[in-house]
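# Survey of secondary and tertiary structure
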Amino acid sequence: MNAPMTHCALLSMPALDVAPLDPALAGFLAQAAAQGNPPMETLPAPVQRQIYRDMADALGLPAPDIGTVTEITIPGPAGALRLRVYQPQQCVPGELLPVLLFIHGGGFVIGDMDTHDKVCRTLCAQAHRLVLALDYRLAPEHPFPAAPDDAEAALRWVLANAATLGGDPNHIALAGDSAGAQLAFVAARRVKAPPVRALGLIYPVAQHNDEPTPSYLENCDGKFLTDGVMRWFIACYLGGQAAAVTHPDYALLKSGDFANMPPTWIGTMGHDPLRDDGHALALKLDQAGVSVTHRHYPSAIHACIHFTAVSPVGQHVMNDLAQWLNMH
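Quick summary incoming for the structure in this document.

### Points about the pairing of strand β1 (residues 69-76)
Relative to strand β2 (residues 79-86), β1 is paired through 8 bridges, and the arrangement is antiparallel. Across the sheet, the residue bridging to Gly-76 is Gly-79, located in β2. Linking two consecutive strands that pair antiparallel, namely β1 and β2, is a turn of 2 residues.

Next comes the structure, spelled out in structure tokens:
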């Protein structure tokens with residue numbers, strides 16, 4: 001078992017390339033700053049949630065055509081959970097499709113199935129697989145560990161019931177972005193099921209920001225994901241639970257349990273506070289013998305997969321993940 005990675009070890013990691021900020025994203029950030037809106041962390045959670053939905057709808061390109069979209073409910077640890085089921089076009093009758101359980105980001109607080117609807121449709125079309133989007137419980141109404149408990153329950157349900165939806169129970173993948181990437185990682189680690197063949201992590205959260213990395217210090221002001229927003233998200237999510245700050249289901253880098261994870265794809269962005277979190281996680285997995293593909297996007301910012309109408313870089317991230325999933 002590997003020793004937990006310390007803050008000093010993070011500082012000694014080889015630096016990832018950082019290119020000049022994508023001009024279109026730079027213009028978007030400048031325009032947003034000029035509007036003089038109040039900081040997100042000063043707004044009530046329901047208001048933030050609606051802002052996030054509107055932003056994802058307005059700033060993303062139209063989603064590609066897919067087959068059907070339906071919703072179902074499954075048993076959860078504290079009541080029913082919703083899954084939105086995306087089926088690709090041109091399915092062969094009777095063929096069991098590979099499955100992707102997608103867990104949305106949004107700081108554990110503001111994301112939902114609607115904020116990530118275009119993302120899920122894109123991955124469904126590009127990876128030609130059944131995509132199941134999870135509507136897990138959000139903080140602050142439901143603090144840690146409600147979300148990882150829901151993610152684990154959903155994965156166990158998918159493993160047992162995928163075939164009822166036309167999915168292959170022996171060909172399961174998980175993916176998520178930001179907070180959702182952390183939840184996907186935790187679910188895969190808790191369950192450790194051989195049919196889980198792949199894990200896709202887009203700019204994952206991997207430790208508490210009281211241990212700021214160089215990328216956090218460089219990028220936590222004016223590049224969409226700010227220090228104030230991050231602190232508010234984490235305060236909502238952990239709910240004052242001191243022990244949760246270093247719990248391995250939150251502070252992924254504090255854990256020594258990296259063995260026997262599925263092949264993992266990690267995407268990091270050059271101008272993201274979480275860039276070094278993802279880099280460190282990729283190194284830890286590699287050291288544990290896990291097959292890791294680390295794709296780095298030097299000119300991109302956090303949440304770029306929502307900004308595809310602003311810049312193509314977010315679309316490149318999703319296409320790269322989909323192509324990698326197609327090989328697993």
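Back to the write-up after that little detour.
### Observations concerning empty space enclosed by the protein
Where empty space is left in the structure can be found by rolling a water-sized probe over the atoms. Summed over the entire model, instances satisfying the criterion amount to 1 cavity of 30 Å³ or more. In terms of lining residues, the largest cavity is bounded by Gln-207, His-208, Asn-209, Glu-211, Pro-212, Thr-213, Tyr-216, Met-230, Leu-274 and Asp-277. Residue classes in the lining of the largest cavity are distributed as 4 nonpolar, 4 polar and 2 charged.

### Focus on the pattern of salt bridges
Scanning the model with the defined rule gives 21 salt bridges in all. A salt bridge links Arg-137 to Asp-150, with the shortest nitrogen-to-oxygen separation between them at 2.9 Å. Of this pair, Arg-137 sits in the loop between β4 (130-135) and α5 (146-161) while Asp-150 is found in helix α5, placing the two residues 13 residues apart along the sequence. Grouping residues by exposure puts Arg-137 and Asp-150 together as buried. In this structure, Glu-211 and Lys-254 form a salt bridge, with 2.9 Å as the shortest nitrogen-oxygen distance.

### Re the layout of surface pockets
Its boundaries defined by the atoms lining it, the largest pocket holds a volume of some 980 Å³. Contributing to the lining of the largest pocket are 40 residues, with Ala-32, Met-40, Met-55, Phe-224 and Val-229 lying nearest its centre. Every element with two or more residues in the lining of the largest pocket is listed here: α2 (23-34), α3 (45-59) and α8 (227-238). The class makeup of the residues in the lining of the largest pocket is 25 nonpolar, 12 polar and 3 charged. Around the second largest pocket sit 19 residues that line it, and Ala-56, Gly-60, Leu-61, Lys-118 and Val-119 are the ones nearest its centre. Of all elements in the fold, only α3, α4 (117-127) and α10 (313-326) reach the threshold of two or more residues within the lining of the second largest pocket. Among the elements that take part in the lining of the second largest pocket, α4 stands out by supplying 4 residues, more than any other. Partitioning the lining of the second largest pocket into residue classes produces 8 nonpolar, 6 polar and 5 charged.

### Focus on the nonpolar core
Leu-155, Leu-174, Phe-185, Tyr-237, Tyr-250 and Leu-281 are the most contacted members of the largest nonpolar core, which totals 108 residues. Sort the elements by how many residues they give to this core and helix α6 (residues 179-191) lands first, with 9 residues. Excluding its chain neighbours within four sequence positions, the residues that come into contact with Leu-174 are Leu-100, Leu-101, Ile-103, Leu-155, Ala-184, Ala-187, Ala-188, Val-196, Ala-198, Leu-199 and Gly-200.

### Considerations on the packing of aromatic side chains
Summed over all chains, the structure comprises 8 aromatic pairs. For the ring pair Tyr-237 and Tyr-250, a centre distance of 6.1 Å and an interplane angle of 50° mean the geometry is tilted. Residue Tyr-237 is located in helix α8, and its partner Tyr-250 is located in the loop between α8 and β7 (264-269); the two are separated by 13 residues in the primary sequence. When its relative accessible area of 0% is taken as the criterion, Tyr-237 is described as buried. Taken together through their ring pairs, the aromatic side chains of Phe-108, Phe-144, Tyr-237 and Tyr-250 make up a single cluster.

### Description of the environment of Thr-115
The topology assignment puts Thr-115 in the loop between β3 (97-103) and α4. Through-space distance from the C-alpha of Thr-115 to that of Pro-44 is 17 Å; in sequence the pair is 71 residues apart. With residues up to four places along the chain from it excluded, the contact list for Thr-115 reads Tyr-52, Arg-53, Ala-56, Ile-110 and His-306. Of the polar contacts made by the side chain of Thr-115, one reaches the side chain of His-116; its length is 2.8 Å.

### Some thoughts on the sheet that holds β3
Spatially, β1-β2-β4-β3-β5-β6-β7-β8 is the arrangement adopted by the 8 strands of the open sheet, whose pairing is mixed. The open sheet terminates on both sides in strands that have one partner only, identified here as β1 and β8 (292-297). On average, each strand axis in the sheet is inclined to that of its neighbour by 20°, with strand direction left out of account. Against the sheet, α4 makes contact with β1, β2, β3 and β4, and its axis sits at roughly 50° relative to β2, the strand it touches most. Against the sheet, α5 makes contact with β1, β2, β3, β4, β5 (167-177) and β6 (196-202), and its axis sits at roughly 155° relative to β5, the strand it touches most.

### What about unusual backbone geometry?
In the segment running from Ala-139 into Pro-140, the intervening peptide bond is cis, with an omega of 0°. For Pro-140, the location among the structural elements is in the loop between β4 and α5. In this model, Phe-144 is joined to Pro-145 through a cis peptide bond whose omega is 10°. Structurally, the position occupied by Pro-145 is in the loop between β4 and α5. Of note in the backbone geometry, Tyr-203 takes a positive phi value of approximately 30° without being a glycine. Topologically, Tyr-203 is positioned in the loop between β6 and α7 (214-219). Here Tyr-203 falls in the buried class, since its relative accessible area comes to 1%.

Calculation criteria
Each chain carries its own residue numbering, running from 1 in the direction its sequence is written. Under the rules for a predicted model, residues below a pLDDT of 70 receive no local features and side-chain atom pairs below 80 are neither given nor counted, while totals for whole chains, interfaces and linings still include all residues. Derived side-chain values reflect all non-hydrogen atoms in the structure, with water molecules and hydrogen atoms excluded from consideration. Here, any two strands with at least 2 DSSP bridges between them count as paired. Helix and strand assignments come from DSSP, with helices taken as H or I runs of at least 4 residues and strands as E runs of at least 2, each series counted from the N terminus. Two kinds of site are reported from a 1 Å grid over the protein atoms alone, namely cavities, where a 1.4 Å probe fits but cannot get out, and pockets, open sets with protein on both sides within 12 Å along at least five of seven lines, and residues are called lining when an atom falls within 4 Å of a point. Grid points are joined across faces, edges and corners, and a volume is the space filled by probe spheres set on the points. Gly falls in the polar group here, along with every residue not listed as nonpolar (Ala, Val, Leu, Ile, Met, Phe, Trp, Tyr, Cys, Pro) or charged (Asp, Glu, Lys, Arg). Salt-bridge detection follows one rule: a side-chain nitrogen of Lys or Arg within 4 Å of a carboxyl oxygen of Asp or Glu. The cut-offs for exposure are 20% and 50% of the maximum accessible area for each residue type, with area from a 1.4 Å probe on protein chains only; residues under the lower value are buried, those over the upper are exposed, and the others partly exposed. The set of buried Ala, Val, Leu, Ile, Met, Phe, Trp, Tyr and Cys residues whose side-chain atoms join them within 4.5 Å is what this entry labels a nonpolar core. It only takes one pair of heavy atoms within 4.5 Å for two residues to be counted as in contact. In summary, the pairing rule links any two rings of Phe, Tyr or Trp, Trp by its six-membered ring, whose centres are within 6.5 Å, and it sorts them by plane angle into stacked for under 30 degrees, edge-to-face for over 60 and tilted for everything else. Polar contacts here mean pairs of N or O atoms no more than 3.5 Å apart (in protein, one a potential hydrogen donor and the other a potential acceptor; neighbouring residues in sequence count only if both atoms are side-chain atoms). For every element, the axis is a line fit to its C-alpha atoms; helices are fit only across the contacting stretch, and the angle between N-to-C directions ranges from 0 to 180 degrees.

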